[in-house]
Amino acid sequence: MNAVPPNKTARVFCIANQKGGVGKTTTAINLAASLAIHNQRVLLIDLDPQGNATMGSGIDKSGLTSNLYQVLIGDATIAQTRVRSESGKYDVLPANRELSGAEMDLVQMEERERQLKMAIDTIRTDYDFVLIDCPPTLSLLTLNGLAAAHGVIIPMQCEYFALEGLSDLVNTIKRVHRNINDDLRIIGLLRVMFDPRMTLQQQVSSQLEAHFGDKVFKAVVPRNVRLAEAPSHGMPGVVYDRNSRGAQAYLAFGKELIKRVKALD
Ligand code: ATP
Ligand code: MG
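Quick summary incoming for the structure in this document.

The rules behind the values
- Residues numbered from 1 in each chain as written.
- Chains lettered and ligands numbered in written order.
- Predicted model: local features only at pLDDT ≥ 70, side-chain atom pairs only at ≥ 80, totals over all residues.
- Heavy atoms only, no water.
- Helix = DSSP H or I, 4+ residues; strand = E, 2+ residues; numbered from the N terminus.
- Rg over C-alpha atoms; globule rule 2.2 N^0.38 Å.
- Contact = heavy atoms within 4.5 Å.
- Areas by Shrake-Rupley, 256 points an atom, 1.4 Å probe, with all protein chains shown as cover.
- Lys, Arg positive; Asp, Glu negative; His and termini not counted.
- Charge placed at Lys NZ, Arg CZ, Asp CG, Glu CD.
- Buried < 20%, exposed > 50% of the residue type's maximum accessible area, 1.4 Å probe, protein only.
- Axes fitted to C-alpha atoms, helices over the stretch in contact; angles between N-to-C directions.
- Parallel < 35°, antiparallel > 145°, perpendicular 65-115°, else oblique.
- Left-handed = near helix turned anticlockwise from the far one by under 90°.
- Nonpolar A, V, L, I, M, F, W, Y, C, P; charged D, E, K, R; others polar.
- Salt bridge = Lys/Arg side-chain N within 4 Å of Asp/Glu carboxyl O.

**What to know about the overall build of the chain**
Assigned secondary structure in the chain consists of 12 helices and 8 strands. Over its C-alpha atoms the chain spans a radius of gyration of 17 Å, differing by no more than 12% from the 18 Å that the globule rule assigns to 265 residues. Across its three principal directions, the C-alpha atoms of the chain cover 50 × 40 × 35 Å. Restricting to contacts in the chain with at least 6 residues of sequence separation, those with at least 24 account for 78%. A total of about 12100 Å² of accessible surface is found on the chain, and carbon and sulfur atoms cover 50% of it. Taking the average place of the 30 positive charges on the side chains of the chain and the average place of its 28 negative ones, the gap between the two points comes to 7 Å.

Structure, rendered in structure tokens:
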């Protein structure tokens, strides 16, 4: 089903935060599935050699004929490599450990930070949204993601050190904006694994709103065990238990993002 005119091209968003384990992949998978439920055509790109977004979408990362690594070094196209997530109803450009070798190969290539962008250019009209699940580093892989994107969605936990880590990421985004990709902007900050009973989390959440204003998404994703269980069933949380509080938050987030993107047009 086409939610937008066919001549429109995809919005490309990175889900990024160089801090590990903050909920990037959970956000990428559940946002992809939420957007699909809202009738959007979605490609989820797994830019992390851990392959968690691939597995969490119900795709066996060890049984692939090609993966993002071959796409980045020019040995395969996205059209040849993408796989359907049957549970999530979106496409996946999968990854596995092979991708960790890409850094070394890319360094020797011309336009090394633009390889992902060039690959995405070939399938832009196939989708409404392309989401990129970034690894917890500011590496050449992440740089390829940022160079290809219109914007960055930053999932974060409302902890004391979260704000400190944010300034590194914001500086990197500014640098990429200046030097490689002047389309790039911060789309918004998403509060995840939120526990409203913790005073510190409420304080950090208020600080975020004061500092970043409208850049903070209204949707807040609570800490919810159903979201953590879902990947072992090869399903996004929004499909595994649609009525759970975590799923409901990601469904609301998808709706909010579609609205925010329309306002950018
Ligand atoms: P990495 O930096 O390693 O790529 P990440 O930022 O992608 O990690 P996730 O893998 O999404 O983070 O999440 C880390 C862990 O927290 C996982 O075990 C995941 O299931 C769990 N988790 C994520 N979000 C939630 C949530 N809202 N409620 C409960 N558990 C969550
Ligand atoms: Mg991850």
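**Overview of the side chain of Gln-201**
By the element assignment, Gln-201 lies in helix α9 (residues 199-212). The exposure class of Gln-201 is buried, given its relative accessible area of 6%. Those residues in contact with Gln-201 that lie beyond four places of it in its chain are Cys-158, Met-193, Phe-194 and Asp-195.

**Structural notes on the environment of Thr-65**
Structurally, Thr-65 can be placed in the loop between α2 (52-56) and α3 (68-72). Taking the C-alpha atoms as reference points, Thr-65 and Asp-168, 103 residues apart in sequence, are found 37 Å from one another.

**Here's the deal with the packing of helix α1 (residues 24-37) against helix α12 (residues 245-264)**
Two numbers describe how α1 lies on α12: the axes approach to 8 Å, and their chain directions differ by 70°. Relative to α12, the element α1 lies roughly perpendicular. You can see that α1 and α12 cross each other, and the crossing is right-handed. For the pair formed by α1 and α12, the contact residues are Thr-26, Thr-27, Asn-30, Leu-31, Ser-34, Leu-35 and Ile-37 on the first element and Tyr-250, Leu-251, Phe-253, Gly-254, Leu-257 and Ile-258 on the second. Of the residues assigned to the contact of α1 with α12, the class counts are 8 nonpolar, 5 polar and no charged.

**Focus on the pattern of salt bridges**
It is possible for side chains bearing opposite charge to pair when their charged atoms get close. Tallied over the entire structure, the rule returns 12 salt bridges. The salt bridge partner of Asp-126 is Arg-82, with a shortest N-O separation of 2.9 Å. Here the residue Asp-126 occupies a position in the loop between α6 (115-121) and β5 (129-133), and Arg-82 occupies one in the loop between α4 (78-81) and β3 (83-85), the gap between them amounting to 44 residues. Residue classification places Arg-82 among the partly exposed positions, given a relative accessible area of 27%. Between Asp-121 and Lys-117 there is a salt bridge, with its nearest N and O atoms 3.6 Å apart. Within this pair, Asp-121 and its partner Lys-117 are both found in helix α6, separated by 4 residues, close to a single helical turn. In this structure, a network of salt bridges that share partners links the residues Lys-117, Asp-121 and Arg-124.

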